[in-house]
Amino acid sequence: MGQLLYSQQLKEQLINIEATAKELAKEDPTKSAEQFRAEIDFIVTLLKEARLMVD
């Protein structure tokens, strides 16, 4: 295992993931279950993209 290098692109992706996850964690009674699942799928996509940045 090599040392992880935090490129600018990776740092920006991690900031985006953090912000998106914080929004998801906020309770919103107007949000549908479908919208909630879509937001989770989006976070999963962001995480997969971040993983590719370090492979």
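Structure first, text after, so check above.
Residues numbered from 1 in each chain as written. Predicted model: local features only at pLDDT ≥ 70, side-chain atom pairs only at ≥ 80, totals over all residues. Heavy atoms only, no water.

*Asks:* Provide a residue-level description of the environment of Gln13, including the pertinent values.
*Replies:* Take Gln13: it is sitting in helix 1 (residues 8-25). Counting along the chain gives 36 residues from Gln13 to Glu49, while the straight-line C-alpha distance between them is 8.1 Å. Setting aside its immediate chain neighbours within four residues, Gln13 contacts Leu46, Glu49, Ala50 and Met53. From its side chain, Gln13 meets the backbone oxygen of Leu46 in a polar contact 3.0 Å long. Here Glu49 takes part through its side chain, which lies 3.0 Å from a polar atom of the side chain of Gln13. (Helix = DSSP H or I, 4+ residues; strand = E, 2+ residues; numbered from the N terminus. Contact = heavy atoms within 4.5 Å. Polar contact = N/O pair within 3.5 Å; in protein donor to acceptor, adjacent residues only side chain to side chain.)

*Asks:* So what's going on with the pattern of salt bridges? Which residues, and what values?
*Replies:* Pairing between side chains of opposite charge can happen when the charged atoms of each approach one another. Under the criterion given, the structure shown has three salt bridges. Between Lys26 and Glu23 there is a salt bridge whose closest N-O contact spans 2.8 Å. (Salt bridge = Lys/Arg side-chain N within 4 Å of Asp/Glu carboxyl O.)

Shape descriptors only; they carry no functional weight alone.
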